[in-house]
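Chain and residue survey
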Amino acid sequence: MISSVKRTAGIFFLSLAISYSVIGAEQAAGQEYRVEGYVSAIKSTYLYLDGQRYFLAPDVKFALDTDYGRPLDGKEIYQMRWIARARIHVRDNKVTRVTVLKMEQ
């Protein structure tokens, strides 16, 4: 009798823990976070920031890190590949915004 109660309680708490971990993972996927680092390569679909590859969203926005954050054209950046240091904003595993902190000469 006691062992069946323990087993039922164990199954209940295990299923509760699994459901909370799934809910937490779904909420974390929708969160936006920022990463800063050195850009070693940038293409039209991805960039490498400190050796880690991040995929770019189709509507990614580029801006200079100034008082007014002047927008930049993505084609200009892809062709020239002149970002040295950047801050990226990631949402749903895609880069949505790139702020250029330092440019190579």
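The rules behind the values
- As a convention, each chain's residues are numbered from 1 in the sequence order in which they are written.
- Per-residue local features are limited, in this predicted model, to residues with pLDDT of at least 70; the limit for side-chain atom pairs, both in listing and counting, is 80 or more; totals at the level of whole chains, interfaces and linings are taken over all residues.
- Calculated side-chain values reflect all of the structure's heavy atoms, with hydrogen atoms and water omitted.
- Only centres within 6.5 Å qualify two rings of Phe, Tyr or Trp (six-membered ring in Trp) as a pair; their planes then separate them into stacked at under 30 degrees, edge-to-face at over 60, and tilted for everything else.
- Exposure classes here rest on a 1.4 Å probe applied to the protein chains alone. A residue is buried below 20% of its type maximum, exposed above 50%, and partly exposed in between.
- Only lysine NZ and arginine CZ atoms are considered, and such an atom sits over a ring when it is within 6 Å of the ring centre and within 35 degrees of the ring normal.
- Only buried residues count toward a nonpolar core. Its members are Ala, Val, Leu, Ile, Met, Phe, Trp, Tyr and Cys residues joined through side-chain atoms within 4.5 Å.
- Segments assigned H or I by DSSP are reported as helices when at least four residues long, segments assigned E as strands when at least two residues long, and all are numbered from the N terminus.
- Residues are treated as being in contact if the distance between any of their heavy atoms lies within 4.5 Å.
- Paired strands are those between which DSSP finds at least two bridges.
- Salt bridges, as used here, are contacts in which a Lys or Arg side-chain nitrogen is within 4 Å of a carboxyl oxygen on Asp or Glu.

It is worth spelling out the packing of aromatic side chains at this point. Going through the model one piece at a time under the given rule, you end up with one aromatic pair. Ring plane angle 85° and centroid distance 5.7 Å describe the contact between Tyr-46 and Tyr-48, whose orientation is recorded as edge-to-face. With relative accessibility at 22%, the residue Tyr-46 sits in the partly exposed group. The ring of Tyr-46 has Arg-53 sitting right over it, with the charged end atom 5.7 Å from the ring centre. Over the ring of Tyr-38 we find Arg-85; its NZ or CZ atom is 4.9 Å from the centre of that ring.

Counting residues in each nonpolar core, the largest one holds 19 residues, and the members touching the most others are Leu-47, Leu-49, Tyr-54, Ile-83, Ile-88, Val-95 and Val-98. The dominant element in this core, judged by the number of residues it contributes, is strand β3 (residues 52–64), at five residues. Not counting the four nearest positions on each side in its chain, Leu-49 is found in contact with Val-35, Glu-36, Gly-37, Tyr-38, Val-39, Tyr-54, Ala-86 and Ile-88.

Bridge count for strand β2 (residues 46–49) against β3 is four bridges, and the pairing is antiparallel. Each bridged residue has a counterpart across the sheet, and for Tyr-48 the counterpart in β3 is Arg-53. Two elements, β3 and strand β6 (residues 94–103), share five bridges in a ladder whose sense is parallel. Residue Leu-56 lies in a different strand from β6, and its bridge partner there is Val-95.

By the element assignment, Thr-99 lies in strand β6. A relative accessible area of 10% means that Thr-99 is categorised as buried. The residues contacting Thr-99, other than those within four sequence positions of it, are Ala-63, Leu-64, Asp-65, Arg-85, Ala-86, Arg-87 and His-89.

Let us look at the pattern of salt bridges. A side chain with one charge may pair with a side chain of the opposite charge, provided their charged atoms come close. With the rule as written, the count across this model stands at four salt bridges. Here Arg-97 makes a salt bridge to Glu-32, at a shortest N to O gap of 3.9 Å. Separated by 65 residues along the polypeptide, Arg-97 in strand β6 and Glu-32 in strand β1 (residues 32–42) bring together distant segments of the chain. Here Arg-85 and Glu-36 are joined by a salt bridge, their closest N and O atoms 3.6 Å apart. On the criterion of sequence distance, the pair formed by Arg-85 in strand β5 (residues 83–91) and Glu-36 in strand β1 is long-range, its members being 49 residues apart. Classification of Arg-85 by relative accessible area gives partly exposed; the value is 24%. Each member of the salt-bridge network shares a partner with another, and the members are Glu-32, Arg-91 and Arg-97.

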